[in-house]
Amino acid sequence: MNLQRMNINTPLGVMIIAASDEGLAGLWFEDQQHMPKYAGWNIVRSHPVLDQAKREIDLYFKGQCKTFSTPRAPAWGTEFQRQVWETLMTIPLGRTMTYGDIAKKLNNPAAVRAVGAAVGRNPWSIMAPCHRVLGADGGLTGYAGGLERKIELLRLEGVLL
């Protein structure tokens, strides 16, 4: 897969962002779980999609970006995972959902564990807001970017924990 990548600095650490000619393939915290191997991706200083993603992430951390318009182009995932990732895009800023809520939205209420696995492999950290997904009891569950980051992202968005 021919991807272009760059690193960006955020208040929560370095993120790696990658794009194809079609759009944003992903953005991950440098030490995030389930991150694809990126050694062969071309390192660039500028790329239209990556530049847009960087601007939006910078504005997000300043509290000035409530939605993201960078075009996304999935480079990974099964059809089910991609459906889960699209559902993540429907969770508004300042709101949360449970894994069960997502399973119900996908008309598959028994798929809670599969939803959890798909959420953990979300390639668009922050933009497809997997940090807004909570356990059935409203408690914090895992986050591939680290639980402390999840807490900080939710605080930044005004979610009371």
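Right, let's walk through the structure included here. (Residues numbered from 1 in each chain as written. Predicted model: local features only at pLDDT ≥ 70, side-chain atom pairs only at ≥ 80, totals over all residues. Heavy atoms only, no water.)

An order of β3-β2-β1-β4 is seen for the four strands of this open sheet, with the pairing classed as mixed. Single-partner strands in this sheet number two, and they are β3 (24-29) and β4 (42-43). Note: strand β1 (residues 4-10) against β4, two bridges, orientation parallel. Bridging across to β4, R5 finds its partner in I43. Across the sheet, helix α1 (residues 48-61) is in contact with β1, β2 (13-19) and β3; its angle to β1 comes to roughly 15°. (Pairing = 2+ DSSP bridges. Helix = DSSP H or I, 4+ residues; strand = E, 2+ residues; numbered from the N terminus. Contact = heavy atoms within 4.5 Å. Axes fitted to C-alpha atoms, helices over the stretch in contact; angles between N-to-C directions.)

It is characteristic of soluble globular proteins that their nonpolar side chains tend to be buried jointly. Judged by nonpolar contacts, the single largest core of 37 residues is most densely connected at L88, V119 and I126. Every element with two or more residues in this core is listed here: β1, β2, β3, α1, α2 (79-88), α3 (99-105) and α4 (112-120). The residues touching V119, leaving out its near neighbours within four places in the chain, are V84, L88, Y99, I102, C130 and V133. Listed in part, the seven residues of the second largest apolar core include I16, A25, M35 and W41. (Core = buried A, V, L, I, M, F, W, Y, C linked by side-chain atoms within 4.5 Å. Buried < 20%, exposed > 50% of the residue type's maximum accessible area, 1.4 Å probe, protein only.)

Here we take up unusual backbone geometry. A positive phi angle is found at H34, which is not glycine, with a value near 65°. Locating H34 in the fold gives a position in the loop between β3 and β4. A positive phi angle is found at I126, which is not glycine, with a value near 75°. Structurally, I126 can be placed in the loop between α4 and β6 (133-134).

With that out of the way, let us pick up the environment of G13. Note that G13 resides in strand β2. Separated by 18 residues in the primary sequence, G13 and D31 have C-alpha atoms spaced 9.1 Å apart.

Now for the packing of aromatic side chains. Under the defined criterion, the tally for this structure stands at seven aromatic pairs. Judged by centre distance (5.8 Å) and plane angle (35°), the ring pair of W28 and W41 falls under tilted. Residue W28 is found in strand β3, and its partner W41 is found in the loop between β3 and β4; the two are separated by 13 residues along the sequence. Among the residues examined, W28 registers a relative accessible area of 2% and is labelled buried. Taking the relative accessible area as the measure of exposure, W41 reaches 9% and is therefore buried. Taken together through their ring pairs, the aromatic side chains of W28, Y38, W41 and W76 make up a single cluster. (Phe/Tyr/Trp six-rings, centres within 6.5 Å; stacked < 30°, edge-to-face > 60°.)

With that settled, consider the pattern of salt bridges. A complete count under the given rule lists five salt bridges for this structure. For K54, the salt bridge identified is with D58, shortest N-O distance 2.8 Å. Residue K54 and its partner D58 are both found in helix α1; the two are separated by four residues, about one turn of the helix. Judged by relative accessible area, which is 25%, D58 ranks as partly exposed. Salt-bridge contacts for E86 lead to R72; the nearest nitrogen and oxygen are separated by 3.0 Å. Of the two residues, E86 is situated in helix α2 and R72 in the loop between α1 and α2; the sequence distance between them amounts to 14 residues. Here E86 falls in the partly exposed class, since its relative accessible area comes to 41%. (Salt bridge = Lys/Arg side-chain N within 4 Å of Asp/Glu carboxyl O.)

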